[in-house]
Amino acid sequence: MTLSSLLRITPRLTPTAARRTSRAVSSATNTSNTTKSLDSILIANRGEIALRVGRTAAERGIRVTTLYTDPDSRSQHALSSPFAFNLGSVSAYLDGDRIIEIAKKEGCQAIHPGYGFLDVQLSENSAFAQKCTEAGLVFIGPPYKAIEDMGDKSRSKEIMTAAGVPCVPGYHGQNQDPAFLEEQADEITYPVLIKAVKGGGGKGMRIASSKAEFQAQLESAKSEAMNSFGDDNVLVEKYITTPRHIEVQVFADKHGNSVALGERDCSIQRRHQKVLEESPAPHLPDATRKDLWAKARAAAEAVGYEGAGTVEFIFDNDSGNFYFMEMNTRLQVEHPVTEMVTGQDLVHWQILVAEGAKLPLTQEEVEERIAQSGHGIEARIYAENPDKGFIPDSGRLLHVRTPATSEEIRIDAGFVEGDDVSAHYDPMIAKLIVRGANREEALRKLAAALEEYEIAGPVTNIEFLKAVCKSPDFIAGEVETGYIEKHREELFPPKIIEEEVLAQVAMACMHRDSVSGVRFSAGVAGSTVGFTPSYQERQLLFTETTGPVSSDGSTFSVRVQQTADDTFNVEVGGRVFEQVVSRMDPTSHIVTSFFAHTRLDTTVVRDEDTIIAFQRGTQYRLTVPRAKWMEKALGLKDVKNSVLAPMPCKVLRVEVQAGDVVEKDQPLVVIESMKMETVIRSPQQGTIARVVHKEGDQCKSGTPLVEFTESE
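Residues numbered from 1 in each chain as written. Predicted model: local features only at pLDDT ≥ 70, side-chain atom pairs only at ≥ 80, totals over all residues. Heavy atoms only, no water.

**Topic: the overall build of the protein**
Helix and strand content of the protein: 21 helices and 40 strands. Split into buried and exposed, the 712 residues of the protein put 56% on the buried side. Restricting the contact set of the protein to residue pairs at least 6 apart, pairs at least 24 apart contribute 63%. Surface exposure of the protein reaches about 28500 Å², of which carbon and sulfur atoms provide 49%. (Helix = DSSP H or I, 4+ residues; strand = E, 2+ residues; numbered from the N terminus. Buried < 20%, exposed > 50% of the residue type's maximum accessible area, 1.4 Å probe, protein only. Contact = heavy atoms within 4.5 Å. Areas by Shrake-Rupley, 256 points an atom, 1.4 Å probe, with all protein chains shown as cover.)

Here is the structure:
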């Protein structure tokens, strides 16, 4: 049995199963030179990574203590250990002193900081690492001095240059005067990349394409950097127009040994954040690949590194050159890709290094394993709406069905059906990782697994990921960080809803009403227009909401006539399906219908006015339009002249006031959600009638932010 099968997460994880689901067994057995075995670890993180670290620790007989906040009190990581402590408020995960206090009180020997939204605050916070050491706790990560050096983008560039690692041309100094930075950008020549020196995860990063927009982009980058990292210092670098993001996983021990465990191509990104990662990187010359590994090891050695780290490079598709970008002094979200192609448990490696052991494999042994391993790809499953600029979504997971896991299909998840995806934290639901004998086979497996993945509740990016997997240039390995924008029309096609989908949804409504003992549902438009003592006939209306923003929201009418038990005639857009035998399993939400030409199994989930259907590997989202009388009864306001909050958020800045005349695309309000800053721009030219919310207000999704005067 291989590592990939042992590390998978089952779709329904009970509190007990969370402690024993996966048996993370590394082939590494070298524990010689161990100075101190660890028997208790506190995991200073949440969600998927807390569960991931906990499984490996449990396999080694290490007691795990977990932490949670009030919003996470029923989360899987909070339930996974009998040793779990409530930190309190939303931001309490960042209270390093409190975390150290709990670790000491519980007799923990070490702290694992994980990764994710705590990157800078804990897992890449040199002060926190130093405090752990001073408190007598083992910090399962690199020495605090290495974190400090690599956490400062400017300082890291100086170290890398001295070590012979190529860096992108740019200004990395201390002078932060806006006029001076603009002069530097002029010398570098546009486009330039403005990046927070303490940044990570795409936050505090902006592209200035011309001198005219430099100051606005600089202000935005500095504001987001201060909100995210408490430091608004930035660097300015040449922006490479056709870049790939290629990173190398490195490990080093306390004995002077270091290895590079292959590279990962992470070029498919939105908002400068990764969506798909794969290893090995496609179409990379072998000499370049080996040079990347060597430079990454040199980078680690230059700062006296220990433990897991990732050296990130920008690869210029035009010239074939690569440049050091930054070093993430922690385990990365995408580390399972490397585990797939090396057969190693990298969390186990982290624990071994923390205990003082030597690295389990030499560089030569690592390269031999990679040469025989095939290809790995990871897709991040997010609660977000790609059709609306990938804005985060939140809410309860009403239905979750995952593809079957195996030795070559792995799922790392932090949520199960019934859990709430909080608006307070990162919107990643799970990671789907596959391996194939080669890239072509791995892509086929990923596409097939995505078609089996069903999530109802928050909007997810699964349909978008399917589109990427079918994109010819992606299949050919022709990738770059601007891939999504350059292939926008292809990746966001208009959704065609087949008549059979609408028929299945309509019959699902009939089945549910039959089970509940009513003849029609108040939430479904239309009513019973005629029925026999046993059967009924109904007209149902649905509005399509699955297409891109430009979708016209087409409304479909479906007429259903029940002719016998479980038998229906269905008319959709002039097409009639006669004598359809149909049944529904209320537990699985699956409607099975026998049409004259085919059998269909369709999952149909109802969430108030929203219906989510899954049929033959495609998801469809429909809304049931409310009657005007119902909207009035519910007190719903007409928001056609309002700009609405696209997600649950906090108002950071208000850029307009009542009476202002604004142009289309002019900034109105700046909001923050899930640590992401978003500028809300005017959809039209017009006059502001009212600013509904002030700076600091918390808003629900769909709440009006700004109202316009009525157009004449």
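**Focus on the sheet that holds strand β1 (residues 40–43)**
Spatial strand order, β3-β2-β1-β4-β5: five strands in an open sheet with parallel pairing. The open sheet has two free edges, formed respectively by β3 (84–88) and β5 (138–139), since each of these has just one partner strand. Relative to strand β2 (residues 63–69), β1 runs parallel, the two sharing four bridges. The partner of Leu-42 across the bridge, within β2, is Thr-65. (Pairing = 2+ DSSP bridges.)

**Structural notes on the packing of aromatic side chains**
Tallying each qualifying case throughout the model produces ten aromatic pairs. Ring plane angle 85° and centroid distance 5.4 Å describe the contact between Phe-313 and Phe-322, whose orientation is recorded as edge-to-face. When sorted by exposure, Phe-313 lands in the same class as Phe-322, which is buried. Plain terms: the ring middles of Phe-390 and Phe-464 are 5.0 Å apart, the flat faces sit at 85° to each other, and that makes the pair edge-to-face. Of this pair, Phe-390 sits in the loop between β16 (384–385) and β17 (391–392) while Phe-464 sits in helix α16 (residues 462–470), placing them 74 residues apart in sequence. Look at Phe-390 and you get buried, because its relative accessible area is 4%. Taken together, the ring pairs in this structure connect Phe-390, Phe-464 and Phe-492 into an aromatic cluster. Directly above the aromatic system of Tyr-382 lies the positively charged group of Arg-270, at a separation of 4.5 Å from the ring centroid. Its guanidinium or amino end placed over the ring of Tyr-620, Lys-495 lies 5.4 Å from that ring's centre, counting from NZ or CZ. (Phe/Tyr/Trp six-rings, centres within 6.5 Å; stacked < 30°, edge-to-face > 60°. Lys NZ or Arg CZ within 6 Å of the ring centre and 35° of its normal.)

**Section: the pattern of salt bridges**
A full pass over the atoms with the stated rule returns 48 salt bridges. With a closest N to O distance of 2.7 Å, Glu-339 and Arg-52 form a salt bridge. With Glu-339 in helix α12 (residues 335–342) and Arg-52 in helix α2 (residues 47–59), this residue pair connects regions lying 287 residues apart in the sequence. Each of Glu-247, Arg-264, Lys-274, Glu-277, Glu-312, Glu-334 and Arg-380 takes part in salt bridges that share partners, so that together they form one network. (Salt bridge = Lys/Arg side-chain N within 4 Å of Asp/Glu carboxyl O.)

**Some words on unusual backbone geometry**
Cis rather than trans, the peptide bond between Tyr-190 and Pro-191 has omega equal to 0°. By secondary structure assignment, the location of Pro-191 is in the loop between α9 (178–188) and β7 (192–200). Backbone torsion omega between Ser-279 and Pro-280 reads 0°, so that peptide bond is classified as cis. Within the fold, Pro-280 resides in the loop between β12 (273–279) and α11 (286–302). Notably, Phe-390 is not glycine yet its phi reads approximately 65°, a positive angle. The phi torsion at His-589 lies on the positive side, around 70°, for a residue other than glycine.

**Here we look at the sheet that holds strand β38 (residues 686–691)**
The pairing of strands in a sheet happens through backbone hydrogen bonds and is either parallel or antiparallel. Strand order in the open sheet formed by four strands is β33-β40-β38-β35, and the pairing between neighbours is antiparallel. The open sheet has two edge strands, β33 (642–644) and β35 (661–662), and neither has a second partner. Where β38 and strand β40 (residues 704–708) come together, three bridges link them in antiparallel fashion. Note on β40: the bridge partner recorded for Ile-688 is Phe-708.

**Description of the packing of α9 against helix α10 (residues 214–229)**
Helix-helix packing is characterised by the crossing angle of the two axes and by the distance between the axes. Contact geometry for α9 and α10: axes closest at 11 Å, N-to-C directions at 120°. The orientation of α9 relative to α10 falls into the category oblique. Note that α9 runs across α10; the crossing there is right-handed. Across the interface between the two elements, Pro-178, Ala-179, Leu-181, Glu-182 and Ala-185 from α9 touch Phe-214, Gln-215, Leu-218 and Lys-222 from α10. (Axes fitted to C-alpha atoms, helices over the stretch in contact; angles between N-to-C directions. Parallel < 35°, antiparallel > 145°, perpendicular 65-115°, else oblique. Left-handed = near helix turned anticlockwise from the far one by under 90°.)

**A few points about the packing of helix α15 (residues 439–452) against α16**
Between α15 and α16, the least distance of the axes is 10 Å, while the angle of their chain directions is 155°. Taken together, the axes of α15 and α16 lie roughly antiparallel to each other. α16 is crossed by α15, and the crossing has left-handed handedness. Only Ile-462, Leu-465, Lys-466, Cys-469 and Lys-470 of α16 make contact with α15, whose side of the interface consists of Leu-446, Ala-447, Leu-450 and Glu-451. Tallied by class, residues from the contact of α15 with α16 come to six nonpolar, no polar and three charged. (Nonpolar A, V, L, I, M, F, W, Y, C, P; charged D, E, K, R; others polar.)

**Things to note about helix α4 (residues 96–105)**
Every buried residue of α4 is listed here: Gly-96, Ile-99, Ile-100, Ile-102 and Ala-103. Buried residues in α4, looked at end-on, bunch into an arc of 160°, giving them a common side. Counted as exposed and oriented over 90 degrees from the buried face of α4: Glu-101 and Lys-105. Positive backbone phi, at 75°, marks Gly-107, one or two positions downstream of α4. (Arc of directions from axis to C-beta.)

**Re the pairing of β1**
Residues Ser-40 and Leu-42 of β1 are buried on one face, and the alternating residues Ile-41 and Ile-43, pointing to the opposite face, are buried as well. In this view, the connection linking β1 to its parallel neighbour β2 by way of α2 has right-handed handedness. Relative to strand β4 (residues 110–112), β1 runs parallel, the two being bridged by three bridges. Within β4, the position partnered with Ile-41 by the bridge is Ala-110. (Right-handed = clockwise from strand over helix to strand, strands pointing away.)

**Details of the confidence of the model for the protein**
Residues of the protein with pLDDT of at least 70 account for 87%, and the chain-wide mean is 86. Contacts from residues 547–551, a stretch scored under 50 in pLDDT, to residues over four places away or in other chains number eight contacts. Overall, residues 629–636 carries pLDDT values under 50, and its contacts beyond four positions in sequence, including any with other chains, amount to five contacts. (pLDDT = per-residue confidence, 0-100.)

**Some remarks on the nonpolar core**
Of all hydrophobic cores here, the largest spans 56 residues; its most connected members are Phe-251, Phe-313 and Phe-324. For this core, the element with the most residues is helix α13 (residues 346–355), which contributes six residues. Listed in part, the 38 residues of the second largest apolar core include Val-275, Leu-276, Ile-462 and Cys-469. (Core = buried A, V, L, I, M, F, W, Y, C linked by side-chain atoms within 4.5 Å.)

**A look at α16**
Most of α16 is tucked away, with seven of its nine residues classed as buried. Among the residues of α16, Ile-462, Phe-464, Leu-465, Lys-466, Ala-467, Val-468 and Cys-469 are the ones counted as buried.

**Re the pairing of strand β11 (residues 258–270)**
Of all 13 residues making up β11, 13 are buried, and the element is well covered by its neighbours. Between strand β10 (residues 243–252) and β11, which pair antiparallel and follow one another directly, the connecting turn spans five residues, one of which, Gly-256, has a positive phi of 90°. With four bridges connecting them, β11 and β12 associate as antiparallel partners. Paired with Asp-265 across the strands is Glu-278, a residue of β12. Taking the residues between adjacent antiparallel strands as the criterion, β11 and β12 are bridged by two residues, where Arg-271 takes a positive phi near 55°.

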